[in-house]
Amino acid sequence: QPQLVESGGGSVQAGGSLRLSCRAPRMITSVFSVQNMGWYRQAPGKQREMVATITDSGVIEYAEFVDGRFIISRDGRKKTMYLEMNRLKAEDSGVYYCNTFSAYGNYWGQGTQVTVSS
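Keep in mind the model is a prediction, meaning the values are calculated, not measured.

Participant: Kindly report on the state of the cysteines, identifying the contributing residues and their values.
Facilitator: Applying the stated criterion across every chain, the model contains 1 disulfide. Across the disulfide from Cys22 sits Cys98; the S-S distance is 2.1 Å. In this structure the cystine formed by Cys22 and Cys98 twists about its S-S bond by roughly 60°; its chirality is therefore right-handed. Of this pair, Cys22 sits in strand E3 (residues 18-23) while Cys98 is found in strand E9 (residues 94-102), placing the two residues 76 residues apart along the sequence. Both residues of the pair, Cys22 and Cys98, belong to the buried class.

The following block contains the structure:
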């Protein structure tokens with residue numbers, strides 16, 4: 001079983017919404033609580049880029065292109081990180097990856113595809 005399991009991707013029309021989830025089934029709760037986490041995305045032919053990050057203490061950072069449309073959050077009891085994406089645009093299409101890093105290691109999920117049609 002992988003360290004991180006993503007879900008929630010899919011196909012939507014521009015202006016729609018999706019909610020991505022990233023579970024950490026193998027992490028015990030105390031280890032999850034010290035993880036710095038983030039969502040990244042990669043479009044075909046482009047480099048992977050940061051979308052949003054949330055530290056173990058809850059400090060959040062968004063990429064400029066998010067422009068108030070996305071919300072990152074985490075639930076320690078469920079060992080899950082979320083990315084609520086609203087007002088999606090065609091340029092938001094790509095594979096979305098979750099990442100965690102701490103003294104326990106640096107892990108990536110397998111990615112979940114998001115396709116936004118205009």
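Participant: Help me get a handle on the nonpolar core, residues and values and all.
Facilitator: It is characteristic of soluble globular proteins that their nonpolar side chains tend to be buried jointly. Trp39, Val51, Met81, Leu83, Met85 and Tyr96 are the most contacted members of the largest nonpolar core, which totals 26 residues. Setting aside its immediate chain neighbours within four residues, Leu83 contacts Leu18, Arg19, Leu20, Trp39, Val51, Ala52, Phe70, Ile71, Ile72 and Tyr96.

Rules behind the numbers
- Residues numbered from 1 in each chain as written.
- Predicted model: local features only at pLDDT ≥ 70, side-chain atom pairs only at ≥ 80, totals over all residues.
- Heavy atoms only, no water.
- Disulfide = S-S within 2.5 Å.
- Helix = DSSP H or I, 4+ residues; strand = E, 2+ residues; numbered from the N terminus.
- Buried < 20%, exposed > 50% of the residue type's maximum accessible area, 1.4 Å probe, protein only.
- Core = buried A, V, L, I, M, F, W, Y, C linked by side-chain atoms within 4.5 Å.
- Contact = heavy atoms within 4.5 Å.

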